Amino acid sequence: MAAPAPSGAPANMPRLYITTEQSGTSSMLDKGRVVGVATDKVREAMQRAGVPHTIELLPWKRAYAAALERPDACVYSTTRTPKRERLFKWAGPTDVGQWVLMGRADREWNLDSLDQARTLRIGTYIGDARDQFLRDRGFQVDATPNDMMNPRKLLLGRIDLWAASVRSSEEMLARHGWDKQIVPVLVFNRIEVYLACNRAVPDSVIDRLNLAFAEIARDGTGRRIERSYDSWGVAGSAAAAGKR
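Description of the structure in this document.

What counts and what doesn't
Residues numbered from 1 in each chain as written. Predicted model: local features only at pLDDT ≥ 70, side-chain atom pairs only at ≥ 80, totals over all residues. Heavy atoms only, no water. Disulfide = S-S within 2.5 Å. Helix = DSSP H or I, 4+ residues; strand = E, 2+ residues; numbered from the N terminus. Buried < 20%, exposed > 50% of the residue type's maximum accessible area, 1.4 Å probe, protein only. Salt bridge = Lys/Arg side-chain N within 4 Å of Asp/Glu carboxyl O. Axes fitted to C-alpha atoms, helices over the stretch in contact; angles between N-to-C directions. Left-handed = near helix turned anticlockwise from the far one by under 90°. Contact = heavy atoms within 4.5 Å. Nonpolar A, V, L, I, M, F, W, Y, C, P; charged D, E, K, R; others polar.

1. With respect to the state of the cysteines
Cysteine pairs can be covalently joined through their sulfur atoms, and such a bond is termed a disulfide.
Okay, so step 1: Scanning all chains against the criterion turns up 1 disulfide.
Okay, so step 2: Through a disulfide, Cys74 is tied to Cys197; the S-S separation comes to 2.1 Å. What sets the handedness of the Cys74 and Cys197 disulfide is the S-S torsion sign, and at about 105° it is right-handed. Note that Cys74 is positioned in strand 5 (residues 73-79) and Cys197 in strand 10 (residues 182-197), a separation of 123 residues in sequence. Of the two residues, Cys74 and Cys197, both sit in the buried class.

So this is what it looks like as structure tokens:
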């Protein structure tokens, strides 16, 4: 059950416009409502901090742009990189993720490190932190406007590997019946992701949200939310997932 809003919440607390993308069990649509591990944590933090808000599911590029451009907007789940640090104010973390290289199951893979993939063409999508991470390190990337295109390109042999998140890729592959054709090859990074807010959002709001996220982690609420999605089946995911 959500904790009540703090008694000290200002009466004129600004309403935030929160955006996110379809991403596995982190954020997805269920009967028209955005749900998921990160979503439920964000909603709980907003409740505890006494912050009125709306949450909308958008393509990542639009979701990210809204947080940059609208003074009342925030976006999750956003990787906190040095290049992004000064673009936003940060609250969280909302979740922890693993980045993985996925490959076709009919190929033999012997990758022990990311560096061994330098000769291979890696599928990413535009605006994603994995794309920038690999570009910054000189890897051969082939970026698409939409992450859903990458498993299809992989199966067609247009890329060698696909840089994905463990959670969202597992859900996507299971939903489309590709989980026997595409397999994890190498986990190459573990990251925390955040709620990234426009620089115009008051510091007092960010401070309240960070306190709320810390409480959620400390009192076990975060883990309870995560466990509630452990049995989220393929059928449920397919019904809940919006089109990218």
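2. Points about the pattern of salt bridges
Okay, so step 1: Here the structure, examined in full by the defined rule, presents 19 salt bridges.
Okay, so step 2: Note that Arg48 is salt-bridged to Asp219, the shortest N-O span being 2.8 Å. Highlighted residues: Arg48 in helix 1 (residues 37-49) and Asp219 in the loop between helix 6 (203-218) and helix 7 (221-228), separated in sequence by 171 residues.
Okay, so step 3: Of the residues examined, Asp219 reaches a relative accessible area of 40% and is grouped as partly exposed.
Okay, so step 4: A salt bridge links Asp142 to Arg121, with the shortest nitrogen-to-oxygen separation between them at 3.2 Å. With Asp142 in strand 8 (residues 140-144) and Arg121 in strand 7 (residues 121-125), the pair connects residues that are 21 residues apart, well separated along the chain.
Okay, so step 5: Exposure remark for Asp142: the relative accessible area of 18% places this residue in the buried category.
Okay, so step 6: For Arg121, a relative accessible area of 35% gives the class partly exposed.
Okay, so step 7: One network of salt bridges, with partners in common, ties together Glu44, Arg48, Glu215 and Asp219.

3. A few points about the packing of helix 1 against helix 7
Okay, so step 1: It is the contact of helix 1 with helix 7, at a shortest axis distance of 9 Å, that shows an interaxial angle of 145°. Between helix 1 and helix 7 lies a crossing whose hand is right-handed. On helix 7, the residues touching Val37, Asp40, Lys41, Glu44 and Arg48 of helix 1 are Thr221, Gly222, Ile225 and Glu226.
Okay, so step 2: Tallied by class, residues from the contact of helix 1 with helix 7 come to 2 nonpolar, 2 polar and 5 charged.

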